[in-house]
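Here's the letter readout for the chains.
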Amino acid sequence: MSNVIVPRACTLCPRRCGANRAAGQAGFCGAAGSLKAARAALHFWEEPCISGKEGSGTVFFSGCTLKCCYCQNYPISADCFGKELSVSRLAEIFLDLQRQGANNINLVTPGQWQPWITAALDEARAGGLHLPIVGNTGGYETEESIAAWQGYIDIWLADWKYISPALSQELSAAPDYAAVTEKAIRAMLRQVGRPVYDARGILQRGVIVRHLALPGHTEDSFAVLDKLAALEKEFPGGFIPSLMSQYTPFYRAAEHGLGRRITRYEYRKVIDHAISLGLVHGYMQEKSSAREEYTPSFDLTGL
């Protein structure tokens, strides 16, 4: 546990719940005083510039600062399933993924474990880790947290889920989601700059902003896209938009009116709006992406 300052009054995420994690108290996110993850393996279903042919070296961390009722990773995000790891073991995992040929190290929901992960990255880099590091986040991050990742994260892979406070409260228990996420993404853009690729077209540095279109909520998707278009004018070519159709009704989605998949017509409307705004230099998904096999099993693989 050396080099890790475990929070005694946790403020790592926008909840600022004040949990004494050093004493083993779990925060709002479900994370307590011992680092936990649920899977570490090559992942082939991120954006092409992240996964490539070789795969992204993905580590799924336990817990989450959001409470999305439709989360496809709910066993680890909501239930905090996972295996306790030492910092040294996490460093070994990073190096093992590099040996497997990963294009990058992809940290999924890492914010609640920032002090542990940065310590592990320091150790892994001393052992020869040289891959780009991806911060894969729901977008709900503090500006202070983004600043603390300086020098560690090269690529931000961030969601922008909603604009409506009422919708973000109902679906993710975060009425301030849009305001917080806009500040966070701006901080990410300032931190890592415009996209940089290697000779193979694999992203080495930059920001990808994802938006998952939800059934019955195309108007809120339009509002997100309007914000992204304004951001594009402010940071020309500064980020890669990624519009996703892979929504699948997991977890408690049906309780909140999300018990079906998005229709082709709904997704087409979202895409058409993006095109009308000039958000054309990014990614769209085929409707076939909304399949359960795209969700990995959290069986402690690679840990």
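Everything discussed here concerns the structure shown above.
Summarised in this report is the structure supplied together with it. In this text the structure is predicted, and so the values were computed from the model without any measurement.

**Things to note about the overall build of the protein**
- The helix and strand tally for the protein stands at 9 helices and 10 strands.
- For 303 residues, the compact-globule estimate of 2.2 N^0.38 gives 19 Å, and the C-alpha radius of gyration of the protein, at 18 Å, lies within 12% of that figure.
- Dimensions of the protein along its principal axes, counting C-alpha atoms only, are 50 × 45 × 35 Å.
- The burial tally for the protein puts 56% of its 303 residues in the buried class.
- Accessible surface, the protein: about 12,600 Å² in total, of which carbon and sulfur atoms supply 51%.
- Between the centroid of the 30 positive side chains of the protein and the centroid of its 30 negative side chains there is a distance of 0 Å.

**A look at the pairing of strand E4 (residues 105-108)**
- Residues Ile-105 and Leu-107 of E4 are buried on one face, and the alternating residues Asn-106 and Val-108, pointing to the opposite face, are buried as well.
- As paired strands, E4 and strand E5 (residues 133-137) are joined by 4 bridges and run parallel to one another. Paired with Leu-107 across the strands is Gly-135, a residue of E5.
- In the classification by handedness, the crossover that spans E4, the intervening helix H4 (residues 114-126) and the parallel E5 is right-handed.

**Let's talk about the environment of Phe-94**
- For Phe-94, the location among the structural elements is in helix H3 (residues 87-99).
- In this structure Phe-94 comes out as buried when scored by relative accessible area, which is 0%.
- The sequence separation of Phe-94 and Val-196 amounts to 102 residues, and the corresponding C-alpha distance is 22 Å.
- Not counting chain neighbours up to four residues away, the residues in contact with Phe-94 comprise Val-59, Ile-105, Leu-107, Ile-117, Ala-120, Leu-121, Ala-124 and Leu-129.

**Describing the packing of helix H8 (residues 218-234) against helix H9 (residues 264-276)**
- Interaxial distance between H8 and H9 falls to 10 Å at its minimum, and their mutual angle equals 20°. Here H8 is positioned roughly parallel relative to H9, judged by the angle of their axes. Crossing of H8 over H9 shows right-handed handedness. Side by side, H8 and H9 meet where Thr-218, Ser-221, Phe-222, Leu-225 and Asp-226 of the first sit next to Glu-266, Lys-269, Val-270, His-273 and Ala-274 of the second.
- Residue classes in the contact of H8 with H9 are distributed as 4 nonpolar, 3 polar and 3 charged.

**Examining the pattern of salt bridges**
- Evaluation of the coordinates by the stated rule reveals 15 salt bridges.
- Put simply, Arg-190 and Glu-143 hold a salt bridge, and the shortest N to O gap is 3.9 Å. On the criterion of sequence distance, the pair formed by Arg-190 in helix H7 (residues 177-192) and Glu-143 in helix H5 (residues 143-148) is long-range, its members being 47 residues apart.
- Judged by its relative accessible area of 39%, Glu-143 falls in the partly exposed class.
- A salt bridge links Asp-198 to Arg-200; the shortest N-O distance between them is 2.9 Å.
- Taken together, the salt bridges that share partners define one network made up of Glu-182, Arg-186, Lys-227 and Glu-234.

**Concerning the environment of Gly-216**
- Considering the arrangement of structural elements, one finds Gly-216 in the loop between strand E8 (203-212) and H8.
- In sequence terms Gly-216 and Ala-179 are 37 residues apart; their C-alpha atoms lie 22 Å from each other.

**Describing the packing of H3 against H4**
- Across the interface, H3 lies against H4 with an axial gap of 8 Å and an inter-helix angle of 55°. Judged by the angle between their axes, H3 and H4 are oblique. Between H3 and H4 lies a crossing whose hand is right-handed. In this structure, H3 uses Val-87, Ser-88, Leu-90, Ala-91, Phe-94 and Leu-95 to contact H4, whose residues at the interface are Trp-116, Ile-117, Ala-119, Ala-120, Leu-121, Glu-123 and Ala-124.
- Split by residue class, the contact of H3 with H4 holds 11 nonpolar, 1 polar and 1 charged.

What counts, and where the lines are drawn
Residues numbered from 1 in each chain as written. Predicted model: local features only at pLDDT ≥ 70, side-chain atom pairs only at ≥ 80, totals over all residues. Heavy atoms only, no water. Helix = DSSP H or I, 4+ residues; strand = E, 2+ residues; numbered from the N terminus. Rg over C-alpha atoms; globule rule 2.2 N^0.38 Å. Buried < 20%, exposed > 50% of the residue type's maximum accessible area, 1.4 Å probe, protein only. Areas by Shrake-Rupley, 256 points an atom, 1.4 Å probe, with all protein chains shown as cover. Lys, Arg positive; Asp, Glu negative; His and termini not counted. Charge placed at Lys NZ, Arg CZ, Asp CG, Glu CD. Pairing = 2+ DSSP bridges. Right-handed = clockwise from strand over helix to strand, strands pointing away. Contact = heavy atoms within 4.5 Å. Axes fitted to C-alpha atoms, helices over the stretch in contact; angles between N-to-C directions. Parallel < 35°, antiparallel > 145°, perpendicular 65-115°, else oblique. Left-handed = near helix turned anticlockwise from the far one by under 90°. Nonpolar A, V, L, I, M, F, W, Y, C, P; charged D, E, K, R; others polar. Salt bridge = Lys/Arg side-chain N within 4 Å of Asp/Glu carboxyl O.

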